[in-house]
Amino acid sequence: MSLAEDSPVHSSSSDDFAAILDAELDAASNSSGDSEEVAEEEESSEEDDDRSDYLELERVKRQKVELDPGIRNPQSSSSQGASSEIKVSLPEEEICPHPGFFAGMCMKCGLRVDDDSAVALKYIDKNLRLANDEMARLRDKDFKDLLCHRRKLYLVLDLDHTLLNSSRLIDIKEEESYLNSQRDALPDTLKTSLFRLDRMHMMTKLRPFVHTFLEEASKLFEMYIYTMGERPYALEMADLLDPGNKYFHSRIIAQGDCTQKYQKGLDIVLGRESAVLILDDTEAVWKENKENLILMDRYHFFASSCKNFGFSYKSHSQLKTDESETEGALATVLKVLQQVHSLFFDKERKDNLEDRDVRQVLKTVRKEVLKDCKIVFTRVIPINFTAEHHHLWRMAEQLGATCSTEIDPSVTHVVSGDAGTDKSRWAVRENKFLVNPGWIEASNFLWRKQPEEKFPVSPAKCKQ
Ligand SMILES: [Mg+2]
Ligand SMILES: [Zn+2]
């Protein structure tokens with residue numbers, strides 16, 4: 001593990017940022033609970049040599065910070081209580097840009113400044129806000145280091161239904177009561193993946209393959225957890241997923257950190273958008289960052305989870321089954337991530353690494369799934385609905401298919417909600433594939449054209 005990977009505070013070694021924050025944390029009161037988190041992380045560093053190098057580096061940088069005449073200790077400057085004095089003492093070209101604020105005070109000049117546009121990074125420290133310019137500067141720096149030196153991209157991971165499934169204990173049904181057994185009495189596959197968290201009155205099942213997924217993905221990506229759950233829940237889940245604290249460090253973003261209600265956003269992630277991929281089962285929360293999103297097939301282990309989403313079928317827990325370890329969603333998406341990563345860093349590419357955009361690469365990979373397919377829909381898109389705007393039409397196009405409203409000899413697939421329509425019968429007569437809409441969705445989730453015979457169209461309902 002490299003020095004950069006072990007760098008505390010958070011990421012990918014925003015070294016100067018770490019230094020600023022570190023210095024500020026020292027200067028400010030040490031009573032904040034969140035700053036303890038940072039300290040713990042420093043202690044958890046695995047390699048002592050790297051650690052002492054790092055400390056040395058930080059010490060030198062801090063001396064630099066202290067020696068810089070433009071930088072004042074927030075406490076001493078506020079005790080002087082003289083903002084005008086500072087202005088006078090600074091030559092005009094050195095007017096402080098107020099890059100960041102700790103408990104309302106500028107980290108650089110120590111002034112109290114109301115900058116409403118500054119971004120709160122509560123998940124790093126509850127008192128920390130950074131100005132937009134500073135966010136951009138740190139992103140650029142982090143991006144260069146991550147891409148050029150560590151050849152990694154960023155990966156933002158949702159928790160519920162993506163990496164795991166949780167249920168309240170009171171929602172556990174009779175048929176699932178075997179889950180309450182002592183660990184030794186549980187089926188083997190559950191011994192290491194099912195957790196009863198009495199303190200939180202809930203039970204959590206990790207998605208099959210999740211440990212391998214995290215291990216492999218961490219070689220290619222710097223990873224964040226980003227959940228709409230609350231912080232205590234997020235931390236508890238991070239503990240189950242990453243007991244050695246190898247993958248996430250403090251990169252755990254919870255509901256209270258979001259800048260918009262009911263929305264997640266990359267605005268608080270210290271990674272440039274052109275280098276971030278997101279895995280989430282909920283598209284609607286990523287309005288601003290759809291192009292970065294890989295939509296996940298939802299993992300429902302518990303009966304309550306199926307019920308909450310309106311499904312009447314039995315859950316894995318009721319049937320005593322589980323998603324496939326080797327062909328399930330996480331194994332599938334890992335292959336996609338590996339492919340995207342290798343195309344992004346492809347040595348044959350002539351363009352500058354920094355100019356590349358992972359969203360473009362993702363598009364290219366996606367377009368391979370249904371390339372060479374020409375699709376006509378029947379009884380799928382409501383009459384009076386603009387076909388091109390329908391989500392299945394758009395999905396098929398993103399997967400590389402061509403969509404059409406008219407049949408012609410070049411059509412390969414008729415996607416149908418009813419076997420009795422003219423177009424459905426035409427497909428049968430002309431030996432074209434006749435499939436139900438699930439074929440497109442499954443191909444989308446599995447990143448591969450699915451066998452058509454698995455998606456038959458139910459017998460005619462239509463009387464013509
Ligand atoms: Mg989710
Ligand atoms: Zn300032």
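Think of each chain on its own: its residues are numbered from 1, step by step along the sequence as written. Chain labels run from A onward and ligand labels from 1 onward, assigned in the order the entries are written. Restriction of local features to residues with pLDDT of at least 70 applies here, the model being predicted, together with a cutoff of 80 or more for giving and counting side-chain atom pairs; totals for whole chains, interfaces and linings are based on all residues.

### Examining the overall build of the protein chain
Applicable threshold: Each helix is a run of H or I in the DSSP string that is no shorter than four residues. Each strand is a run of E no shorter than two, and both are numbered from the N terminus. Any residue with 12 or fewer other C-beta atoms within 10 Å of its own C-beta is exposed, any with 20 or more is buried, and the rest are partly exposed; the C-beta atoms used are placed from the backbone.
Along the backbone of the protein chain there are 17 helices and 16 strands. Looking at the 464 residues of the protein chain, the share that counts as buried comes to 38%.

### So, the packing of helix α9 (residues 210-220) against helix α13 (residues 329-344)
Just so we agree on the cut-off: Fitting a line to C-alpha atoms yields each axis, with helices limited to the stretch in contact; the angle taken between N-to-C directions then spans 0 to 180 degrees. For this classification, under 35 degrees means roughly parallel, over 145 means roughly antiparallel, 65 to 115 means roughly perpendicular, and everything else is oblique. Think of it this way: build a C-beta for each residue from its backbone, and any pair within 7 Å is a contact.
Between α9 and α13, whose axes approach to 10 Å, the crossing angle comes to 5°. When the axes of α9 and α13 are compared, the pair comes out roughly parallel. On α13, the residues that touch Val210, Phe213, Glu216, Ala217 and Leu220 of α9 are Leu330, Leu334, Leu337, Gln338 and His341.

### Considering the packing of α13 against helix α14 (residues 358-367)
How we decide: Left-handed is the label given to a crossing in which the near helix is rotated counterclockwise from the far helix by less than a right angle, and right-handed is the label when the rotation is clockwise. Residue classes follow a fixed rule: Ala, Val, Leu, Ile, Met, Phe, Trp, Tyr, Cys and Pro count as nonpolar, while Asp, Glu, Lys and Arg count as charged, and any other residue, Gly among them, counts as polar.
One way to put it is that α13 packs onto α14 with a least axis distance of 9 Å and a crossing angle of 120°. When the axes of α13 and α14 are compared, the pair comes out oblique. Considering only the axes of α13 and α14, their crossing is right-handed. On α14, the residues touching Val336, Gln339, Val340, Leu343 and Phe344 of α13 are Val358, Val361, Leu362, Thr364 and Val365. In the contact of α13 with α14, the residues fall into eight nonpolar, two polar and no charged.

### A closer look at the pairing of strand β11 (residues 276-280)
Note the following rule: Here a strand pair is declared whenever DSSP counts at least two bridges between the two strands.
A large share of β11 lies buried, amounting to five of its five residues. Looking at chain direction, strand β5 (residues 153-157) and β11 are connected through four bridges and run parallel. Along β11, the bridge assignment pairs tyrosine 154 with valine 276. Two strands pair when backbone bridges link them, and β11 and strand β12 (residues 293-295) are joined in this way by three bridges, in the parallel orientation. Bridge pairing in β12 places isoleucine 278 opposite leucine 293.

### Focus on the pairing of strand β9 (residues 221-226)
The condition that has to hold: The path from the first strand over the helix to the second decides the hand: if it runs clockwise while the strands point away from the viewer, the crossover is right-handed.
Where burial is concerned, most of β9 is hidden: six out of the six residues are buried. Burial along β9 is two-sided: the face carrying Phe221, Met223 and Ile225 and the face carrying Glu222, Tyr224 and Tyr226 are both buried. Here β5 runs beside β9; their pairing, made up of five bridges, is parallel. If you follow leucine 153 over to β9, its bridge partner there is phenylalanine 221. Taken together, β9, helix α10 (residues 231-241) and strand β10 (residues 252-253) form a β-α-β motif whose crossover is right-handed.

### Focus on the sheet that holds β11
Read across the sheet, five strands follow the order β10-β9-β5-β11-β12 without closing on themselves; strand pairing throughout is parallel. The outermost strands of the open sheet, each flanked by one partner alone, are β10 and β12. Packed onto the sheet, α9 meets β5 and β9 and runs at close to 125° relative to β9.

### Some remarks on the sheet that holds strand β7 (residues 194-197)
Taken in spatial order, the three strands of this open sheet run β6-β8-β7, and their pairing is antiparallel. The sheet is open, and its two edges are formed by β6 (164-168) and β7, each paired on a single side. Here the average twist between neighbouring strands, direction ignored, is 20°. Across four bridges, β7 lies against strand β8 (residues 202-206) in antiparallel orientation. Directly across from leucine 197, in β8, lies its bridge partner methionine 202.

### Some points on the environment of serine 416
By the element assignment, serine 416 lies in strand β15 (residues 413-416). Residue serine 416 is classed as buried on the basis of its 24 C-beta neighbours within 10 Å. Those residues in contact with serine 416 that sit more than four places away from it in its chain are Thr378, Arg379, Val380, Thr421, Lys423, Ser424, Leu434, Asn436 and Val457.

### Considerations on the environment of leucine 399
Among the structural elements, leucine 399 can be located in the loop between α15 (391-398) and β14 (402-404). For the pair leucine 399 and arginine 366, spaced 33 residues apart in sequence, the C-alpha separation works out to 5.1 Å. Not counting the four nearest positions on each side in its chain, leucine 399 is found in contact with Arg366, Lys367, Val369, Leu370, Ser443 and Asn444.

### Focus: α14
We count it as follows: Of all possible arcs, the one meant is that of the directions from the helix axis to the C-beta atoms.
Listed in full, the buried residues belonging to α14 are Val358, Val361 and Leu362. Along the long axis of α14, the arc covered by the buried residues comes to 100°, so they all point the same way. Against β5, β11 and α13 lie the buried residues of α14.

### Notes on the environment of leucine 343
Locating leucine 343 in the fold gives a position in helix α13. Using a count of 17 C-beta atoms within 10 Å as the deciding quantity, one classes leucine 343 as partly exposed. In the structure, leucine 343 is positioned 22 residues away from valine 365 in sequence and 9.0 Å away in space, judged by C-alpha atoms.

### Concerning unusual backbone geometry
Glycine aside, residues mostly have negative phi angles, and peptide bonds mostly take the trans form. One non-glycine residue, alanine 103, lies in the positive phi region at around 50°. Structurally, alanine 103 is set in the loop between β1 (100-102) and β2 (105-106). A count of 15 C-beta atoms within 10 Å places alanine 103 in the partly exposed class. In this structure, lysine 320 takes a positive phi of about 55° despite not being glycine. Among the secondary structure elements, lysine 320 is positioned in the loop between α12 (316-319) and α13.

### So, α9
Of all the residues in α9, the buried ones are Val210, Phe213, Leu214, Ala217 and Leu220. Buried residues in α9, looked at end-on, bunch into an arc of 125°, giving them a common side. For α9, the exposed residues lying more than 90 degrees away from the buried face are Glu215 and Lys219. Looking at the buried residues of α9, the elements they touch are β5, β8, β9, α10 and α13.

### Re the confidence of the model for the protein chain
Detail in the predicted coordinates should be disregarded across regions flagged by low pLDDT. The following threshold applies: As a per-residue quantity, pLDDT reports the predictor's confidence and falls between 0 and 100.
Chain-level statistics for the protein chain give a pLDDT mean of 83 and a share of 79% at 70 or above. Low pLDDT, under 50, characterises residues 1-15; the predicted model gives this stretch 45 contacts beyond four residues in sequence or across chains. Taken as a whole, residues 23-88 scores under 50 in pLDDT and shows 69 contacts with residues more than four places along the chain or in a different chain.

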